[in-house]
Amino acid sequence: MHSYSATAQAHPNIAFIKYWGNRDNALRLPSNGSISMNLEGLFTRTTVSFQPSLPFDELIINGHAVMGKGLERVSYILDLVREQAGIKMNAEVMSENNFPAGAGIASSAAAFAALALASSKAAGLELSEAELSRLARRGSGSASRSIPTGFVEWHMGSGDGDCVAVSIAPPDHWDLADCVAIINASHKKTGSTEGHALAWTSPLQAGRVADASRRLEICREAILQKDFKSFADILELDSDMMHAVMMTSNPPLMYWQAATVDIFHAVREWRADGLPCAYTVDAGANVHVICPRDQAGAVEKKLRELPGVRDVLVARVGGPARIV
Ligand code: PMV
C-alpha cells in the first residue's frame, strides 16, 4: 500500500547567466535562458505527506508554521500534483534548510525543487527529470535548475512543455567553488517574484534579452572547455547587465551596497594579479566569487580581510535533487 509520504533534498544554485523577467508571469516562462551550477553542501530537505484527515495544507519551515503567501505558493504546487495524481488529500509539508536564512543564498530554488520531487513522489507520480524541472519552475523559476545535476542550462523553450532545465555537465566535470561573501545589508529587499514583473519597465531589458543567446553560448562553451578566462568575463558581464536592468526599472531596484562594489574592484585586481576568480550577484547585496576549487582557500582568506565582509561560505559543484 502506497504511504503518500516522501522526503526529498535539493541544493540551491548560483546562476552564471541570469534569469530576470518573464514572458509569462503566471507560468514563469522566462524572457531568456539561463545557466547555473548547483551548490554542494547546502540543501533544503522536505517531507510531504498527504493525509485524509487534514482540513488544509500545512507548511512548517525550520520548525515554524508558515501561513499566508508562503503557504499559498506551496499549495499552488500541491494543487498541480493533486490534479495530475487524481487525489484530493491535503498535505503536511515539513522543510529544513541547512544554511542560515538571510545568508544571501536564494532558498526558493532548493525549496521548490525539493517540494516538486517530494510531493510528486508522495502522490505516487513517477515524473521524469524534465517533468520535475517544469513543476519546480511553477514555484520559482530558478528551482527548475536545481533538479538536474552539476552545471545546468534552463531552456526558455517555446511554451510550458519544453521550458525545462537540463544538465550540461556533471559536478566532477570542472572543480569550481562558489565563495559567497556575506556583507552587512539590513534593509529589506524586493523579492524576485516582484522583481521579475518590473524587468520590462527598464529600457535596457530588451537589449539584455536580445543578446542572451550570445552570452549563453559563450558561457556554455567556457564551461565545456573549462576556459576560466572566457568564463570570468561573461560571468561578470551578465551579472552587471542584470543589475543595470534592475537599477533602471520603474521603480528602480538597487541591490548593491558600497561593500558589494568594493568586492568587485578587489576581485578584478586579484584576477589581474593572476588569481583566477570572478564575481556574480543575485537579487541581494552579497557577492558570489567563483574560482577553481584549489584557489578557494586563497579567495576566502582575501575576502575575509576586506572590511564589510561579515562571513564567507564556500560551496563546491552539487548534484541533482534526490529522494532521501
Ligand atoms: O527563481 P527566482 O524567481 O527566485 O529568480 C531568481 C533570480 C536571480 O537569482 C536574480 C537570477 C537567477 O537566474 O537565479
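A few points on the structure. (Residues numbered from 1 in each chain as written. Predicted model: local features only at pLDDT ≥ 70, side-chain atom pairs only at ≥ 80, totals over all residues. Heavy atoms only, no water.)

**Let's talk about the overall build of the chain**
Then, number 1: The helix and strand inventory of the chain stands at 9 helices and 16 strands.
Then, number 2: Computed over C-alpha atoms, the radius of gyration of the chain comes to 19 Å, within 12% of the 20 Å expected from 2.2 N^0.38 for 324 residues, which places it in the range of a compact globule.
Then, number 3: Seen through its principal axes, the chain has C-alpha atoms that stretch 60 × 40 × 40 Å.
Then, number 4: Here the chain holds 324 residues, and 52% of them are scored as buried.
Then, number 5: A separation threshold of at least 6 residues defines the contact pool for the chain, and within that pool the share at least 24 residues apart is 75%. (Helix = DSSP H or I, 4+ residues; strand = E, 2+ residues; numbered from the N terminus. Rg over C-alpha atoms; globule rule 2.2 N^0.38 Å. Buried < 20%, exposed > 50% of the residue type's maximum accessible area, 1.4 Å probe, protein only. Contact = heavy atoms within 4.5 Å.)

**Concerning helix α6 (residues 212-225)**
Then, number 1: For α6, which comprises 14 residues, the first-to-last C-alpha distance of 20 Å matches the rise-based estimate of 20 Å (1.5 Å per residue) to within 8%.
Then, number 2: For α6, the set of buried residues is A212, R215, L216, C219, A222 and I223. Buried positions in α6, seen along its axis, are confined to an arc of 135 degrees and lie on one side of it. Facing away from the buried side of α6 by over 90 degrees, the exposed positions are S213 and Q225.
Then, number 3: Where the residues of α6 are buried, they touch β2 (13-17), β5 (34-38), β10 (151-154), β11 (165-169), α5 (205-210) and α7 (228-247).
Then, number 4: Remark: K226 follows α6 within two positions and exhibits a positive phi of approximately 55 degrees. (Expected span 1.5 Å × (residues − 1). Arc of directions from axis to C-beta.)

**With respect to the packing of helix α1 (residues 68-85) against helix α2 (residues 107-122)**
Then, number 1: Packing of α1 against α2 brings their axes to within 10 Å, and their N-to-C directions diverge by 35 degrees. In this structure, α1 meets α2 at a crossing whose hand is right-handed. Where α1 approaches α2, its residues R73, V74, I77, L78 and V81 are matched on the opposing element by F112, L115, S119 and S120.
Then, number 2: A class-by-class count of the residues in the contact of α1 with α2 yields 6 nonpolar, 2 polar and 1 charged. (Axes fitted to C-alpha atoms, helices over the stretch in contact; angles between N-to-C directions. Left-handed = near helix turned anticlockwise from the far one by under 90°. Nonpolar A, V, L, I, M, F, W, Y, C, P; charged D, E, K, R; others polar.)

**Some thoughts on the packing of α6 against α7**
Then, number 1: Relative to each other, α6 and α7 sit at 145 degrees, their axes nearing to 9 Å. The crossing of α6 and α7 is left-handed. In this structure, α6 contributes R214, R215, I218, C219, A222 and I223 to the contact, and α7 contributes S230, F231, I234, L237, D238 and M241.

**Describing the site of the ligand**
Then, number 1: Around the ligand there are 14 residues in total, and Y19, S140, S142, R145 and S192 lie nearest to it.
Then, number 2: One of the backbone N or O atoms of G141 is found 3.4 Å from an oxygen atom in the ligand.
Then, number 3: About the coverage of the ligand: the protein hides 96% of its 380 Å² of free accessible area.
Then, number 4: For the shell around the ligand, a count of residues per class yields 5 nonpolar, 6 polar and 3 charged. (Near = heavy atom within 4 Å. Polar contact = N/O pair within 3.5 Å; in protein donor to acceptor, adjacent residues only side chain to side chain. Areas by Shrake-Rupley, 256 points an atom, 1.4 Å probe, with all protein chains shown as cover.)

**With respect to the pattern of salt bridges**
As a working rule, side chains carrying opposite charge can pair if their charged atoms are close by.
Then, number 1: Tallying each qualifying case throughout the model produces 20 salt bridges.
Then, number 2: Taking the shortest distance from any N to any O, the salt bridge between R293 and D175 comes out at 2.9 Å. One end of the pair, R293, is in the loop between β14 (287-292) and α9 (296-305); the other, D175, is in the loop between β11 and β12 (176-183), and 118 residues separate them in sequence.
Then, number 3: On the accessibility criterion, D175 (41% relative accessible area) is partly exposed.
Then, number 4: For R215, the salt bridge is made with D211, and the minimal N-O distance between the two is 2.8 Å. Side by side, R215 and D211 carry an identical accessibility label, which is buried.
Then, number 5: What emerges from the salt-bridge pattern is a single network uniting K229, D233, E236, D240, R268 and R271. (Salt bridge = Lys/Arg side-chain N within 4 Å of Asp/Glu carboxyl O.)

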